[in-house]
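Report on the structure
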Amino acid sequence: MGNKQTIFTDEQLDAYQDCTFFTRKEILRLHGRYHELAPHLVPMDYTEEPDVKLPLALIVNMPELKENPFRNRIVESFSEDGLGNLSFNDFVDMFSVLSEMAPRELKAIYAFKIYDFNVDNYICKEDLEKTLNKLTREELTAEEVNLVCEKSIEEADLDGDNKLSFADFENMIARAPDFLSTFHIRI
Amino acid sequence: MAARNINFDMDLHHMEVTMESPVDEDVVHSSFSRLIEEQSGSLDQGHGALELEDLSDERRDHVTYLAAPSWAEHGQQRGQDLEVAMVNDPLIDERWSSATLRVLSSMPSRTIGRSRGAIISQYYNRTMQLCRRRQTRPTIRDFSRSARPSIRGYGVESDCGDGSEEERKKDQLVNNLQKLSISDRVRMLRAMPLSVAEKSDLRKRAYNYKEGRPISSSQMSCCSRLKYYIIIALRQSWYSWLSFLHSLQLWQVPLKRVSGRFGTGVLSYFLFLKILLFFNIFLFLINGFFLVLPQAIHRPPPANLSQKFTGLELLTGGGSFTNTVMFYGHYSHRTLTSGCRHSDNASVPTDQPGCPPRLSFNMPLAYFFTIGVSFFITCIILVYSMSKSFGKSFRINKSQGYLAVKVFSSWDFKVIKRTSVKLQSENICTQLKELLGEVSRREEGQSVLHRLGRALVHGLAWILCLISTGGAALAVYYFSEYMHKDLETRVLETRDLETRDLETGQRLLEQQASLLALPVVVSSLNLLMPGLFNAVGWMEVYDSPSIRTYVAIFRNLLLKVSMLGVLCYHWLGRVAADPGKLLLQCWESFVGQELYRFLLIDFIFTVLGTFFGEFLWRMCSQRVLKRKRMPEFDIARNVLELIYGQTLAWLGVLFSPLLPAVQIVKLLLLFYIKKASLMQNCQAPRRPWRASQMSTVFITLLCFPSFLGAAVSVTYTMWTIRPSQDCGPFRGLSTMFQAGKQWMLELKTANPNLTWLTWIHTTMVENPLFLFISAGIFLMVIYFHTQVVDGQRKVISLLQEQIENLVSIVGEDKKFLITRLQTIHEQRRPPSRKTHRASEESCF
């Protein structure tokens, strides 16, 4: 009990509790994990909200993300600068969205960001190709990838602009009941 | 700024106006030209981040990069990506002006989740709705908005990043947040796609206005300060309660490891096991507190015939276990009283000197109501969780969009082990290939002969399965009859052999051991038959793997239900109907022991099955066949085994109140054994597994045949079967149900003031009419509910169709508007260009 006062103030913990899907204990555990990544960089005392950011390379090495084919995109999507440097707040944000409790819409927004490789706010064919190659470790032939891309865009594209906007994406995700359980990382 | 308030609103009304009256087009155009004016005007204000890098080159006015403002800053680093994007963007071919592009890039669909302003204004709208909704009933309009909020509400207005505008919006949002209740506010905050820092800023402001300020002002009244502190204390305690609940989460780490290696499908088995564990803990707590504890405190004088403990009792539940709190026969039929040691006997006057005021505890009544209430609560929890999971998993299930869904939602982010990740991507690869094949096959169609042959195979498989299921049920029926007769003769022989002590002991032992035969036969049938079904299913061809899974589940279920049906008949029809034949003093205890045996033997067989089926199979396939493949974890079969065990436990609660405890131990052991075996011997299943739908199916199966069957047979026992006359809480009564009636009569004579209670009891519990009416109402509610859900589904599909039509029209409109925008811009080019250049120069 005494230990937790030194890391965050009560007010901070309340704020985290209200703004994320984590409890105090989990926030402290997350801080522990964050601290573990770079003990010399991350202070134990967060009451003054120090401006510390960890680079992508460190975060991607967490066992939860290490084998994930989308790890770089996940970290980039949650970083303020889009380059993958995460402050502790971004870090909490990331696992909050990926937690079990996060609602479908929130998850969909970030999933869309993750799959939007070229950050043009559309999932176009090129994004899909990248996604597919990551999913299947480039096991599909170019022809098959092409076919899958065309078919999926055809299926999900509602406004006929040959790429998926967020509205298209959300509409499609609404039809996938498993999305909520699979877009989830246990920390 | 008038132009800022133009929304690309999907309002149907709006659309009609723009579509049906081409005369009005000019009006629209003029408004757009105003928009352009504003846009080019706002350029002067020099929003550096907004400037697209290519703008620096004047001759290339046809900018290509369509990034949203906040993302433009780091556009440089993504140079390579952008090159590709430029080539692929179909809008590139036409040379759009920068202003057009600006409008394009601030369109709702491009700003979602990106721009802070857009999000804030969206959530402003949403909180507005919530405030309104709390005052009035939700109208259909509100509902449709909240159902598709993302299309609406992302105004262009706030997107241009004007600081003061955004601040204003933010203030309004904070204002709205304050109006919400705390739980709503927290829910809103959590769901906002903003960063934690921004959210906590919003939160601080929302709390400051409302609660922070009064505390700083000293003239706060004592009462309101008290209220404030109470609110704070309540909130704190609520949070600590929540985190306590979180810390109760069982098996956090093992579950993470399982899901990290095997994915969501296998995880659903363990989650189901956890659910069952909680059900049993609930039953155990209720029974333990209201039945076992009072009875254990008031232990009757120990019976004089002490039996030798041989160890076999642990398996059979007989012998010296018979007369313990474990089984029905041990429970008293009197009113237990605290304080006086010997007041058990009702004839002893209770107001002895030296006795503290007594607490009396009517055991028969407690027994009756504890079992009844625990079943009732279990039923409610089951129905509730079933409806919840139905809502979650069966949304609109359209066959369309399957490939896209597969691509975007099939990756299980939980999986973290390298080999499993590899396996998962292989699986997705094969599934995608299969789907592609299906898509092309769907176009081809099949011949009649092919279909006929397939139907023939299916028919044959079903006949085989049904015959074997029927055969198994018949075998159990005749075997149980045989064992029943066998037991009769043994019992009679033992009675005749009373003289020689040694021999009697031997005989008794044999008799006990023979009781194990029936559970062993049933459990081995349960173990072997699924294998047969699998073999039969192997020759069938199905279009989709999910149908195959459902068919396998249905066949296994049929087997288990028919077995349990036969067993229930055996216990309630044979044993309970004529307990004298077996010289049973207490048939309830006997049935309780039978259920205990079944539960235990089932557990042993499951463990053996795990060992032989998984461990030896792996050894065999690796050592002898030299193959790398490991057996798969059969989720459906394992879950059905769990359901079977739970049905036994529910059936036995009446006869053996501590059976849930046995089930708890069994489930705990099973968790660790299954986990160890899984980690050692198995590989992730190759077939796709729709986890959420499957867990719905399992909960439904747990509710419908399993719980309902157990509840029906328990109620049947309570209502119609005559309880034993020499043991148990209901001795001397014609049915267990009479316990309540008798108590009511006693109450009426003892305390005339409580006649209303008697009246309630006679009308509500005894009168079958009330029961029928309430059951009827319940059924009607369920019926209406399904009708409503059905209607909603239809409305949803209609709406979806409409959306699709609308969106395609809107797409056309969008293109039209953009081209018009472009032409108007072309006309106005010279002046805007100048300001443009000026702004550029001021920037650098």
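Residues numbered from 1 in each chain as written. Chains lettered and ligands numbered in written order. Predicted model: local features only at pLDDT ≥ 70, side-chain atom pairs only at ≥ 80, totals over all residues. Heavy atoms only, no water.

Some points on the nonpolar core
- Of all hydrophobic cores here, the largest spans 112 residues; its most connected members are Tyr269(B) and Ile371(B).
- Ranked by residues supplied to this core, first place goes to helix H13 (residues 252-297) of chain B with 15 residues.
- Among the nonpolar cores identified, the runner-up in size contains 77 residues, and Leu28(A), Leu54(A), Ile59(A) and Ala404(B) belong to it. (Core = buried A, V, L, I, M, F, W, Y, C linked by side-chain atoms within 4.5 Å. Buried < 20%, exposed > 50% of the residue type's maximum accessible area, 1.4 Å probe, protein only. Helix = DSSP H or I, 4+ residues; strand = E, 2+ residues; numbered from the N terminus.)

With respect to the UniProt feature "domain: EF-hand" (unreviewed entry) in chain A
Residue and element names in this part refer to chain A.
- This chain's UniProt record puts "domain: EF-hand" (unreviewed entry) on residues 103-138 and 144-179.
- As annotated, residues 103-138 comprises 67% helix and 0% strand, and the C-alpha atoms at either end are separated by 32 Å.
- Secondary structure over residues 144-179 splits into 61% helix and 0% strand, and the C-alpha atoms at its two ends are 24 Å apart. (UniProt positions renumbered as here; feature names shortened; annotations may be inferred.)

Notes on the interface of chain A and chain B
- In this complex, chain A contributes 89 residues to the contact, which on the side of chain B involves 93 residues.
- Interface of chain A and chain B: buried area, both sides summed, is about 8,200 Å²; carbon and sulfur atoms make up 57% of it.
- Of all residues in chain A, Asp18(A), Arg175(A) and Arg186(A) bury the most surface against chain B, accounting for 10% of the area lost on that side.
- Our enumeration of links across chain A and chain B arrives at 3 salt bridges.
- Put simply, Glu11(A) and Arg203(B) hold a salt bridge, and the shortest N to O gap is 3.2 Å.
- Taken together, the connections running from chain A to chain B amount to 14 residue pairs in polar contact (both at pLDDT 80 or more).
- No other element matches helix H8 (residues 104-115) of chain A, which puts 8 residues into the side of chain A that touches chain B.
- Residue composition of the side of chain A that touches chain B, by class: 39 nonpolar, 17 polar and 33 charged. (Contact = heavy atoms within 4.5 Å. Buried area = accessible area lost by both parts, 1.4 Å probe. Salt bridge = Lys/Arg side-chain N within 4 Å of Asp/Glu carboxyl O. Polar contact = N/O pair within 3.5 Å; in protein donor to acceptor, adjacent residues only side chain to side chain. Nonpolar A, V, L, I, M, F, W, Y, C, P; charged D, E, K, R; others polar.)

Some words on the side chain of Glu540(B)
- The residue Glu540(B) is located in the loop between helix H20 (517-538) and helix H21 (545-575) in this model.
- Beyond its immediate chain neighbours, meaning those up to four positions away, Glu540(B) contacts Val457(B), His458(B), Ala461(B), Arg548(B) and Arg555(B).

Observations regarding the packing of aromatic side chains
- By the definition in use, this model includes 46 aromatic pairs over all chains.
- A centroid spacing of 5.4 Å and a plane angle of 70° characterise the contact between Tyr331(B) and Tyr367(B), whose relative ring orientation is edge-to-face. In this pair, Tyr331(B) is assigned in the loop between helix H14 (313-316) and strand S1 (335-337) and Tyr367(B) in helix H15 (residues 363-393), connecting sequence segments 36 residues apart.
- The class for Tyr331(B) is buried, based on a relative accessible area of 0%.
- Centre to centre, the rings of Tyr367(B) and Phe730(B) are 5.7 Å apart; their planes meet at 90°, and the pair counts as edge-to-face. Highlighted residues: Tyr367(B) in helix H15 and Phe730(B) in the loop between helix H25 (691-720) and helix H26 (738-750), separated in sequence by 363 residues.
- The rings of Phe70(A), Phe112(A), Tyr115(A), Phe166(A), Phe169(A), Phe179(A), Phe183(A), Phe408(B) and Phe413(B) are connected pair by pair, giving a single aromatic cluster.
- The ring of Tyr122(A) carries the charged tip of Lys163(A) above its face, separated from the ring centre by 4.2 Å.
- Its end group placed over the ring of Phe590(B), Arg597(B) keeps NZ or CZ at 5.8 Å from the ring centre. (Phe/Tyr/Trp six-rings, centres within 6.5 Å; stacked < 30°, edge-to-face > 60°. Lys NZ or Arg CZ within 6 Å of the ring centre and 35° of its normal.)

Description of a nonpolar patch on the surface
Residue and element names in this part refer to chain B.
- A surface patch of nonpolar side chains, amounting to about 510 Å² of accessible area, comprises Phe-369, Val-373, Phe-376, Ile-377, Ile-380 and Ile-381.
- Mapped onto the fold, Ile-380 is located in helix H15.
- With relative accessibility at 46%, the residue Ile-380 sits in the partly exposed group. (Patch = residues over 30% accessible without salt bridge, like charges linked within 9 Å, V, L, I, M, F, W, Y side chains within 5 Å. Areas by Shrake-Rupley, 256 points an atom, 1.4 Å probe, with all protein chains shown as cover.)

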